[in-house]
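Residue-level listing of the chains:
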Amino acid sequence: AQKVTQAQTEISVVEKEDVTLDCVYETRDTTYYLFWYKQPPSGELVFLIRRNSFDEQNEISGRYSWNFQKSTSSFNFTITASQVVDSAVYFCALSEASGNAGKSTFGDGTTLTVKP
Amino acid sequence: KAGVTQTPRYLIKTRGQQVTLSCSPISGHRSVSWYQQTPGQGLQFLFEYFSETQRNKGNFPGRFSGRQFSNSRSEMNVSTLELGDSALYLCASSLGDRDYAPQYFGPGTRLTVT
């Protein structure tokens, strides 16, 4: 069975600090996909990034960066120079291949609060 | 492109009643998934429909059912409502033809059962 663990329930930082959100996953599949979503107070989940199990390259998009390490089954998300608008709940999710694209297992989420 | 839309946005029902929620996916998306979000259980997968067929199913009782129409719009039905069914129900759409296709979520329907 697949599982996603986000050990950090809540994180509070001051604006401009860097913050890393941890995600650890479990799966028996060799092919799988990892995602990060953001859920602002408005409630709508927003897709941030996707990574497949064969691609361990880290990725940077503006102030966001992701570190995928298969050896530790982790897919961590770092926000550099955080801003108040980054305040949201962040979810890490896992989808196994073989026709399961529409079925994701989500972690419990990490609530990030960025204070001015 | 218009995003995923869900109706109604808010709903209050009484125990024992039934409810139908609607989801219109992004144009061109053939997969629609439903999730239940509660403070205690987090985001839990209900089911996924692709081209009018249920492709995946989560671990929910038979009171939860769904369907998808030829235009990819989907409905979710919950019969004999229980207090524990109070939750935010999220619909997500994706192209569905690739395992790595990301899901795009709607704003959700907030269901309160009294």
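Up top you'll find the structure we're talking about.
All of these numbers come straight from a predicted model, not from anything done at the bench.

Enquirer: I keep staring at the interface of chain A and chain B and nothing clicks. Help me out?
Expert: By a widely used convention, the size of an interface equals the accessible area lost when the partners come together. With 19 residues of chain A in contact, the opposing surface of chain B contributes 22 residues. Note on chain A versus chain B: buried area summed over both sides is about 1900 Å², and carbon and sulfur give 53% of it. At the boundary of chain A and chain B, one finds 0 salt bridges. Between chain A and chain B we count 4 residue pairs in polar contact (both at pLDDT 80 or more) in total. Broken down by secondary-structure element, the contributors of at least two residues to the side of chain A that touches chain B are strand E5 (32-39) and strand E6 (46-52) of chain A. Ranked by the residues each element gives to the side of chain A that touches chain B, the list is headed by E5(A), at 4 residues. When grouped by side-chain class, the residues that make up the side of chain A that touches chain B number 9 nonpolar, 7 polar and 3 charged.

Enquirer: Where do I start with the sheet that holds strand E8 (residues 74-78) of chain B in this structure?
Expert: Within a sheet, each strand pairs with its neighbour through backbone hydrogen bonds, oriented either parallel or antiparallel. Residues and elements named next belong to chain B. Ordered by their spatial adjacency, 4 strands build an open sheet running E1-E3-E8-E7, and the pairing between neighbours is antiparallel. Looking along the sheet, the strands with just one partner apiece sit at the ends: strand E1 (5-7) and strand E7 (64-68). Strand-to-strand twist in this sheet, taken as the mean axis angle between neighbours without regard to direction, amounts to 20°. Relative to E8, strand E3 (residues 19-24) runs antiparallel, the two being bridged by 5 bridges. Looking at E8, one finds that threonine 20 is bridged to asparagine 77.

Cut-off values and rules
- Residues numbered from 1 in each chain as written.
- Chains lettered and ligands numbered in written order.
- Predicted model: local features only at pLDDT ≥ 70, side-chain atom pairs only at ≥ 80, totals over all residues.
- Heavy atoms only, no water.
- Contact = heavy atoms within 4.5 Å.
- Buried area = accessible area lost by both parts, 1.4 Å probe.
- Salt bridge = Lys/Arg side-chain N within 4 Å of Asp/Glu carboxyl O.
- Polar contact = N/O pair within 3.5 Å; in protein donor to acceptor, adjacent residues only side chain to side chain.
- Helix = DSSP H or I, 4+ residues; strand = E, 2+ residues; numbered from the N terminus.
- Nonpolar A, V, L, I, M, F, W, Y, C, P; charged D, E, K, R; others polar.
- Pairing = 2+ DSSP bridges.
- Axes fitted to C-alpha atoms, helices over the stretch in contact; angles between N-to-C directions.

Nothing here speaks to function; it is all geometry.
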